[in-house]
Protein chains: 2
Amino acid sequence: MYSKELLKGTLTTIILKLLSHNGKMYGYEITQRVKILSDDKILIKEGSLYPALHKLKDDGLVKTDEEMIGNRVRKYYSLTDKGKLSTEKKVNELHQFIGTLQNILTDKPSLA
Amino acid sequence: MYSKELLKGTLTTIILKLLSHNGKMYGYEITQRVKILSDDKILIKEGSLYPALHKLKDDGLVKTDEEMIGNRVRKYYSLTDKGKLSTEKKVNELHQFIGTLQNILTDKPSLA
DNA sequence: TTGGTATACATAGAACTTCTACATATAATT
DNA sequence: AATTATATGTAGAAGTTCTATGTATACCAA
């Protein structure tokens, strides 16, 4: 399990990227997918996930549709067009940030 | 300039790594070094840097010594033994986190 | 049938980091 | 004389994620 602080700033991008890759997902599914992809090192809590999803919806980046699974409602999230554009930008930015971080961790100028 | 949130959780590790690499540095020097290493994309503000440095000192990871430069005091920061151990751990953790992030951004399981 | 675990969504309030904005002061440049 | 760069620092705001809790269904084992 990573230090909690590391995830800050990346959670939204992670969620968007997973939705982009998988079309539509529901909340619990996202937590499980991240758990698997991170080899159990990133465990997203409900208190992190749902506020993040609600904010994405408020911002118009994702939309929801509900399906009945047996007796209960499952809420699927998927990207809007605006969300698709935003995902691309955020993923690019994160890739660049990772590159910059690696420069710093080796203390080499970016130009090298 | 990156979205501000991305830096969260990595600033302390960046500071420690720079101190590890350079022996001793003063605050302003750290901001300038990060500016160069990040190609102007990470601009650490005083309000971020000094609280972070003070916390590192409170936690015993860095120590300070002051030098007179002309009429003014310059405060140099350097790693304690505890700080050196901590730096190694944090840098390793950050490298692993970056690897995990890259897996997620390509949506591949860690084991692959 | 009781208890525990997994699934599934959600909120309130705490904790933490970084930011904006401000304050202070010297040195160098225009 | 005014501005910019150097240099350290604090107060309070903003933002994200976490802990803890609540609700409910489904499944399995004892």
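Further up the page is the structure itself.
Here we summarise the structure given alongside this text. Worth saying up front: this structure is predicted, and the values here are computed from it rather than measured. (Residues numbered from 1 in each chain as written. Chains lettered and ligands numbered in written order. Predicted model: local features only at pLDDT ≥ 70, side-chain atom pairs only at ≥ 80, totals over all residues.)

## Quick notes on the interface of chain B and chain A
Stated precisely, the cut-off is as follows: Contact between residues is assigned whenever the C-beta positions, reconstructed from backbone atoms, fall within 7 Å. Here a helix means four or more residues in a row that DSSP labels H or I, a strand means two or more in a row labelled E, and each is numbered from the N terminus. Side-chain classes are defined by residue name, with Ala, Val, Leu, Ile, Met, Phe, Trp, Tyr, Cys and Pro counting as nonpolar, Asp, Glu, Lys and Arg as charged, and the others, Gly among them, as polar.
Counting residues at the interface gives 32 residues for chain B and 31 residues for chain A. Elements with a minimum of two residues in the side of chain B that touches chain A: α1 (11-22), α2 (27-37) and α4 (81-105) of chain B. Counting residues per element, the side of chain B that touches chain A draws most heavily on α4(B), which supplies 10 residues. Its residues placed into classes, the side of chain B that touches chain A shows 17 nonpolar, eight polar and seven charged.

## Considerations on the nonpolar core
For clarity, the threshold we go by: Structurally, a nonpolar core is described as a collection of buried Ala, Val, Leu, Ile, Met, Phe, Trp, Tyr and Cys residues joined by way of C-beta atoms within 7 Å. Here exposure depends only on C-beta density: within 10 Å of a residue's C-beta, 20 or more other C-beta atoms make it buried, 12 or fewer make it exposed, and intermediate numbers make it partly exposed, the C-beta atoms being placed from the backbone.
One finds Ile15(B), Leu18(B), Leu19(B), Val34(B) and Val62(B) to be the most contacted residues of the largest nonpolar core, which totals 22 residues. Elements with a contribution of two residues or more to this core: α4 (81-106) of chain A together with α1, α2 and α3 (46-58) of chain B. In terms of residues, this core owes the most to one element, α1(B), which gives five residues. Those residues within four positions of Ile15(B) in sequence are excluded, and the remaining contacts are Ile30(B), Ala52(B), Leu53(B) and Leu56(B). Judged by nonpolar contacts, the second largest core, of 21 residues, contains Ile42(A), Leu56(A), Leu61(A) and Tyr77(A).

## Quick notes on the sheet that holds strand β3 (residues 72-79) of chain B
All names here are of chain B. Put simply, the rule is: For two strands to be treated as a pair, DSSP must find no fewer than two bridges joining them. Axes here refer to lines fitted to C-alpha atoms; in helices the fit is confined to the stretch in contact. Angles between the N-to-C directions go from 0 to 180 degrees.
What the three strands build is an open sheet, ordered β1-β3-β2; its pairing is antiparallel. Sheet topology places β1 (24-26) and β2 (62-69) at the edges, where each strand pairs with a single neighbour. The sheet shows a mean angle of 35° between the axes of neighbouring strands, direction not considered. Where β1 and β3 come together, three bridges link them in antiparallel fashion. Its bridge partner lying in β3, Tyr26 is registered against Tyr76. Against the sheet, α1 contacts β1, β2 and β3, and its axis sits at roughly 95° relative to β3. Taken strand by strand, α2 contacts β1 and β3, and its axis lies near 95° from that of β1.

## Side note on the protein's contact with DNA strand D
The criterion, for reference: Whether a residue is near a molecule or strand depends on its C-beta atom, generated from backbone atoms, being within 6 Å of that molecule or strand.
Near DNA strand D there are 29 residues, and of these Leu11(A), Gly47(A), Ser48(A), Tyr26(B) and Gly27(B) occur at the shortest range. Sorting the residues of the surface near DNA strand D by element identifies α1 (11-22) and α3 (46-58) of chain A together with α2, α3 and β3 of chain B as the ones contributing at least two each. Grouping the amino acids of the surface near DNA strand D by side-chain chemistry returns 10 nonpolar, 10 polar and nine charged.

## Regarding the packing of α2(B) against α3(B)
Residue and element names in this part refer to chain B. Filter applied, for reference: Here roughly perpendicular refers to angles of 65 to 115 degrees, roughly parallel to angles under 35, roughly antiparallel to angles over 145, and oblique to all remaining angles. Two helices that cross are described as forming a left-handed crossing if the nearer one is turned anticlockwise from the farther one by less than a right angle, and a right-handed crossing if clockwise.
Where α2 meets α3, the closest approach of the two axes is 10 Å, and the angle between their N-to-C directions is 120°. Judged by the inter-axis angle, α2 sits oblique to α3. For the crossing formed where α2 meets α3, the hand is right-handed. Of the residues in α3, those touching α2 at Gly27, Ile30 and Thr31 are Leu49, Tyr50 and Leu53. Broken down by class, the residue content of the contact of α2 with α3 amounts to four nonpolar, two polar and no charged.

## A few points about the relation of the copies chain B and chain A
Under the convention used in this document: We place the copies in one frame by least squares, fitting the C-alpha atoms of every residue whose pLDDT is at least 70 in both.
With an axial shift of 0.0 Å and an RMSD of 0.0 Å, the rotation relating chain B to chain A amounts to 180°. Taken together, the rotation angle and the small translation identify this as a two-fold axis. Taking C-alpha positions as the reference, the residue of chain B nearest the rotation axis is Lys8(B), at 3.0 Å. A shared binding surface is used by both copies, with 97% of the interface residues of chain B retained as interface residues in chain A.

## Digging into unusual backbone geometry
Excluding glycine, residues mostly carry a negative phi; peptide bonds, for their part, are mostly trans. A positive phi angle is found at Asp39(A), which is not glycine, with a value near 55°. Mapped onto the fold, Asp39(A) is located in the loop between α2 (27-37) and α3. Of the residues examined, Asp39(A) has 14 C-beta atoms within 10 Å and is grouped as partly exposed. Even without glycine at this site, Asp40(B) takes up a positive phi of about 70°. Along the polypeptide, Asp40(B) turns up in the loop between α2 and α3. For Asp40(B), a count of 11 C-beta atoms within 10 Å gives the class exposed.

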